[in-house]
Amino acid sequence: MVVRNEMGSFVACKISRMVGLFSPTIAEIMGVREALSWIKNNNWQNVIVESDNLQVVNVLNSMNVENFSMMGGIVSDCRSLINEISCEILFSHVFRSANGVAHALAQATRSFPNAMEWTLSPPEFVSLLLL
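Residues numbered from 1 in each chain as written. Predicted model: local features only at pLDDT ≥ 70, side-chain atom pairs only at ≥ 80, totals over all residues. Heavy atoms only, no water.

Labelled according to an unreviewed UniProt entry, the protein appears under the name RNase H type-1 domain-containing protein, originating from Hevea brasiliensis.

**Student:** What exactly am I supposed to notice about the pattern of salt bridges here?
**Tutor:** When the charged atoms of two side chains with opposite charge come close together, those side chains can pair. Counted under the stated rule, the structure contains 2 salt bridges. Arg33 serves as the salt-bridge partner of Asp77, at 2.8 Å between the closest nitrogen and oxygen. Placement of Asp77 in helix 3 (residues 70-84) and of Arg33 in helix 1 (residues 24-42) is noted, with a sequence separation of 44 residues between them. Its salt-bridge partner being Lys40, residue Glu84 comes within 2.4 Å of it at the nearest N-O pair. Here Lys40 lies in helix 1 and Glu84 lies in helix 3, a separation of 44 residues in the sequence. A relative accessible area of 46% places Glu84 in the partly exposed class. (Salt bridge = Lys/Arg side-chain N within 4 Å of Asp/Glu carboxyl O. Helix = DSSP H or I, 4+ residues; strand = E, 2+ residues; numbered from the N terminus. Buried < 20%, exposed > 50% of the residue type's maximum accessible area, 1.4 Å probe, protein only.)

**Student:** What's the story with the layout of surface pockets in this structure? I'm lost.
**Tutor:** To find leftover empty space, one rolls a probe the size of a water molecule over the atoms. Space inside the largest pocket adds up to approximately 1600 Å³. Met1, Val2, Glu28, Glu50 and Ala102 are, among the 49 residues lining the largest pocket, the residues nearest its centre. The biggest single contributor to the lining of the largest pocket is helix 1, with 11 residues. Grouping the amino acids of the lining of the largest pocket by side-chain chemistry returns 24 nonpolar, 14 polar and 11 charged. (1 Å grid on protein atoms, 1.4 Å probe; cavity = no way out; pocket = protein on both sides within 12 Å on 5 of 7 lines; lining within 4 Å. Points joined across faces, edges and corners; volume = space filled by probe spheres on them. Nonpolar A, V, L, I, M, F, W, Y, C, P; charged D, E, K, R; others polar.)

**Student:** For this particular structure, what's the right way to read the nonpolar core?
**Tutor:** What tends to happen in soluble globular proteins is that the nonpolar side chains get buried as a cluster. Counting residues in each nonpolar core, the largest one holds 25 residues, and the members touching the most others are Ile29, Leu36, Ile89 and Phe91. Among the elements of the structure, helix 1, strand 3 (47-51), helix 2 (54-61), helix 3 and strand 4 (89-93) are those that each provide at least two residues to this core. The biggest single contributor to this core is helix 1, with 7 residues. Apart from residues no more than four positions distant in its own chain, Ile29 is found in contact with Val56, Leu60, Met71, Ile74, Val75 and Cys78. Ranked by size, the runner-up nonpolar core spans 8 residues in total, among them Ile15, Val101, Ala108 and Val126. (Core = buried A, V, L, I, M, F, W, Y, C linked by side-chain atoms within 4.5 Å. Contact = heavy atoms within 4.5 Å.)

**Student:** I'm lost on the side chain of Thr25 in this one. Help?
**Tutor:** With respect to the helices, strands and loops of the structure, Thr25 is situated in helix 1. At a separation of 3.3 Å, a polar atom in the side chain of Thr25 contacts the side chain of Asn53. Setting aside residues up to four positions removed in sequence, Thr25 forms contacts with Asn53, Gln55, Val56 and Met71. (Polar contact = N/O pair within 3.5 Å; in protein donor to acceptor, adjacent residues only side chain to side chain.)

**Student:** How do you make sense of the sheet that holds strand 1 (residues 2-4) when you look at a structure like this?
**Tutor:** Strand pairing in a sheet relies on backbone hydrogen bonds, with the paired strands running either antiparallel or parallel. The 3 strands lie next to each other as 1-2-5, forming an open sheet whose pairing is antiparallel. Taken across any chain shown, the strands that pair with only one partner, and hence form the sheet edges, are strand 1 and strand 5 (116-118). The average angle at which neighbouring strand axes cross in this sheet is 5°, direction not considered. (Pairing = 2+ DSSP bridges. Axes fitted to C-alpha atoms, helices over the stretch in contact; angles between N-to-C directions.)

Structure (structure tokens):
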């Protein structure tokens, strides 16, 4: 997860591992749930959540998705978090080629056994992508 301000400058980034084997869509929606929790805990305002998974973006932008699958339960968690956050949250699809920082952070979870968060300056492997 990476947070940038309205000028596109680095604010914070975070990585954490997911235990288990998940489809890319389930992994993405679980990541969005983590991001929403992080947004709530940091009280960030006027947020745009970007994902390169169009299915996840469409589900989060739809208000009438109800099912009892694993994804439905996670979407329900996401909606609860959205209701608890006191700002507007938009969900936007971006192509993977425009999502390089998030992809690099996801790959970095292989090198870090625990969750990590950077707030004042990005890790070196991210700073090179922010230029």
